[in-house]
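# Residue-level structural notes
Here is what each chain is made of, one letter per residue.
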Amino acid sequence: MRHIAAYLLLQIGGNASPSADDVKKVLSAVGIEADDDRLDTLISELEGKDINTLIAEGSAKLSSVPSGGAVAAAAPSAGGAAPAAAVEEEKKEEKKEEKEESDDDMGFGLFD
């Protein structure tokens, strides 16, 4: 991410085609060491490509990926089933607690 961020900063700053040395200078200015292998891969992958087009294509791909919003929208349509299930779970928990309390007593009293 740091390499991409530095690359994008350089492009916003007016450098249409930042080199690996340019990215290294930006990263070193803030005390971050560049990974040469990753940086070379990034530069070779982005060489000759318009970053705005790549971002637009990536956004289009991400918009087709299902996210948690669809699940949240479907939950209210279930309606009364969810509250009824919650009440049943509470009743089961109360019954379990009562059994545990009776097991703790084991026939002895504290002051017997």
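All figures in this text were calculated on a predicted structure; none of them were measured in a lab. (Residues numbered from 1 in each chain as written. Predicted model: local features only at pLDDT ≥ 70, side-chain atom pairs only at ≥ 80, totals over all residues. Heavy atoms only, no water.)

### A short note on helix 2 (residues 20–29)
The criterion, for reference: Partly exposed describes any residue whose relative accessible area lies between the buried limit of under 20% and the exposed limit of over 50%, with all areas from a 1.4 Å probe on protein chains only and scaled to the type maximum. Secondary structure elements follow DSSP: runs of H or I of four or more residues count as helices, runs of E of two or more count as strands, with numbering from the N terminus. To be clear, the arc concerns the directions from the helix axis to the C-beta atoms. A contact between two residues is defined here by any heavy atoms of the two lying within 4.5 Å.
Looking only at helix 2, the buried set comprises Ala 20, Val 23 and Leu 27. In a view along the axis of helix 2, the buried residues occupy a sector of 65°, so they form one face of it. Seen from the buried face of helix 2, the exposed residues on the opposite side, beyond 90 degrees, are Asp 21, Lys 25 and Ala 29. Among the structural elements, helix 1 (2–12) and helix 3 (36–46) are those in contact with the buried residues of helix 2. Of the residues trailing helix 2, Gly 31 is marked for its positive phi of about 80°.

### Looking at the pattern of salt bridges
Quick note on the threshold: The working definition used for a salt bridge is a side-chain nitrogen of Lys or Arg within 4 Å of a carboxyl oxygen of Asp or Glu.
One pass over the full model with this rule turns up two salt bridges. A salt bridge links Lys 24 to Asp 36, with the shortest nitrogen-to-oxygen separation between them at 3.0 Å. Taken together, the positions of Lys 24 in helix 2 and Asp 36 in helix 3 put the pair 12 residues apart, joining distant regions of the chain.

### Observations concerning the environment of Ala 34
Relative to the helices and strands, Ala 34 resides in the loop between helix 2 and helix 3. The class of Ala 34 is buried, set by a relative accessible area of 19%. Linking Ala 34 and His 3, residues 31 residues apart in sequence, is a C-alpha distance of 7.4 Å. If we ignore the near neighbours within four places in the chain, the residues touching Ala 34 are His 3, Lys 24, Leu 27 and Leu 39.

### Looking at the packing of helix 1 against helix 3
Inclusion rule: A fitted line through C-alpha atoms represents every axis, and for helices the fit uses only the stretch in contact; the resulting angles, taken between N-to-C directions, go from 0 to 180 degrees. An angle counts as roughly parallel when it lies under 35 degrees, as roughly antiparallel when it exceeds 145, as roughly perpendicular when it falls between 65 and 115, and as oblique in every other case. Helix crossings get a hand from a simple test, with the near helix turned counterclockwise from the far one by less than a right angle marking a left-handed crossing and a clockwise turn marking a right-handed one. Classes in brief: Ala, Val, Leu, Ile, Met, Phe, Trp, Tyr, Cys and Pro nonpolar; Asp, Glu, Lys and Arg charged; the others, Gly included, polar.
For the pair helix 1 and helix 3, interaxial distance at closest approach is 10 Å and the crossing angle is 50°. What the angle tells us is that helix 1 and helix 3 run oblique. Between helix 1 and helix 3 lies a crossing of right-handed hand. For the pair formed by helix 1 and helix 3, the contact residues are His 3, Ile 4 and Tyr 7 on the first element and Arg 38, Leu 39, Leu 42, Ile 43 and Leu 46 on the second. Counted by class, the contact of helix 1 with helix 3 contains six nonpolar, one polar and one charged residues.

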